[in-house]
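Residue-level structural notes
Below are the chains, spelled out letter by letter.
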Amino acid sequence: YTALGDFVAATNEYHQALLLNPTMVTAHMNLGNVHRQRSDFESAAQHFETATQLDPGMSVAWLNLGSVVASSSTPDQASRLEKARHCFKTAMSLDPDGVVAQIATNNL
């Protein structure tokens, strides 16, 4: 559904998957991506945060979390940027060859 741009159907399917298995990391990642595509950075961050808690070694979850935190409109910019930087550095420590996290950190 996501590839077709049907974000409502995609969201419903991922929520159904989480009802069956609340610890399904891929469902949280996919929901985070759907929310990010809809510019709902707060909801995206919640799902990416859950993914990092369920699988702390998943570098892409940390990268995605840092990306949406950096894009959010949280009033405390210094705190927001520090959290994003922490997420990007965690992603880099898990995947030292990951160029995207390095670029993102340098652009903060």
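So, here is what we can say about the structure in this document. Nothing here was measured: the structure is a model prediction, and the numbers come from that model.

1. Some thoughts on the layout of surface pockets
Of the pockets and cavities examined, the largest pocket occupies roughly 200 Å³. Phe41, Glu42, Ala45, Val68, Val69, Ser72, Ser73, Thr74, Asp76, Ser79, Arg80 and Lys83 are the residues that line the largest pocket. When contributions to the lining of the largest pocket are tallied by element, the ones reaching two or more residues are helix H3 (41–54), helix H4 (59–71) and helix H5 (77–94). Tallied by class, residues from the lining of the largest pocket come to four nonpolar, four polar and four charged.

2. Here's the deal with the pattern of salt bridges
In this structure the tally under the stated criterion is two salt bridges. Residue glutamate 49 is joined to lysine 83 by a salt bridge in which the shortest nitrogen-to-oxygen separation is 3.1 Å. Remark: lysine 83 occurs in helix H5 and glutamate 49 occurs in helix H3; sequence separation between them is 34 residues. We classify glutamate 49 as partly exposed; its relative accessible area is 24%. Measuring nitrogen to oxygen at the nearest pair gives 3.4 Å for the salt bridge that ties arginine 85 to glutamate 82. Placement of both arginine 85 and glutamate 82 in helix H5 is noted, with a separation of three residues, approximately one turn of the helix. On the basis of relative accessibility, which here comes to 24%, the residue arginine 85 falls in the partly exposed class. For glutamate 82, a relative accessible area of 45% translates into the label partly exposed.

3. A closer look at the nonpolar core
Most often, soluble globular proteins keep nonpolar side chains buried together rather than apart. In terms of nonpolar packing, the biggest core is built from 16 residues, with Met29, Phe48, Ala51, Leu65 and Val68 touching the most fellow members. Of all the elements in the fold, those that place two or more residues in this core are helix H2 (25–37), H3, H4 and H5. The element that contributes the greatest number of residues to this core is H4, accounting for six residues. Setting aside chain neighbours within four positions, we find methionine 29 in contact with Phe48, Ala51, Met58, Val60, Ala61 and Asn64. If you look at the next biggest cluster of nonpolar residues, it comprises seven residues, including Tyr14, Leu18, Ala27 and Leu31.

4. Some thoughts on helix H1 (residues 7–20)
Compared with the 20 Å implied by 1.5 Å per residue over 14 residues, the 20 Å span of H1 between its first and last C-alpha is a close match. What H1 keeps buried is the set Ala9, Ala10, Thr11, Tyr14, Ala17 and Leu18. Looking at the packing, one finds that the buried side of H1 touches H2 and H3.

About the thresholds
- Residues numbered from 1 in each chain as written.
- Predicted model: local features only at pLDDT ≥ 70, side-chain atom pairs only at ≥ 80, totals over all residues.
- Heavy atoms only, no water.
- 1 Å grid on protein atoms, 1.4 Å probe; cavity = no way out; pocket = protein on both sides within 12 Å on 5 of 7 lines; lining within 4 Å.
- Points joined across faces, edges and corners; volume = space filled by probe spheres on them.
- Helix = DSSP H or I, 4+ residues; strand = E, 2+ residues; numbered from the N terminus.
- Nonpolar A, V, L, I, M, F, W, Y, C, P; charged D, E, K, R; others polar.
- Salt bridge = Lys/Arg side-chain N within 4 Å of Asp/Glu carboxyl O.
- Buried < 20%, exposed > 50% of the residue type's maximum accessible area, 1.4 Å probe, protein only.
- Core = buried A, V, L, I, M, F, W, Y, C linked by side-chain atoms within 4.5 Å.
- Contact = heavy atoms within 4.5 Å.
- Expected span 1.5 Å × (residues − 1).

Note that all results are geometric; they support no functional claim without further evidence.
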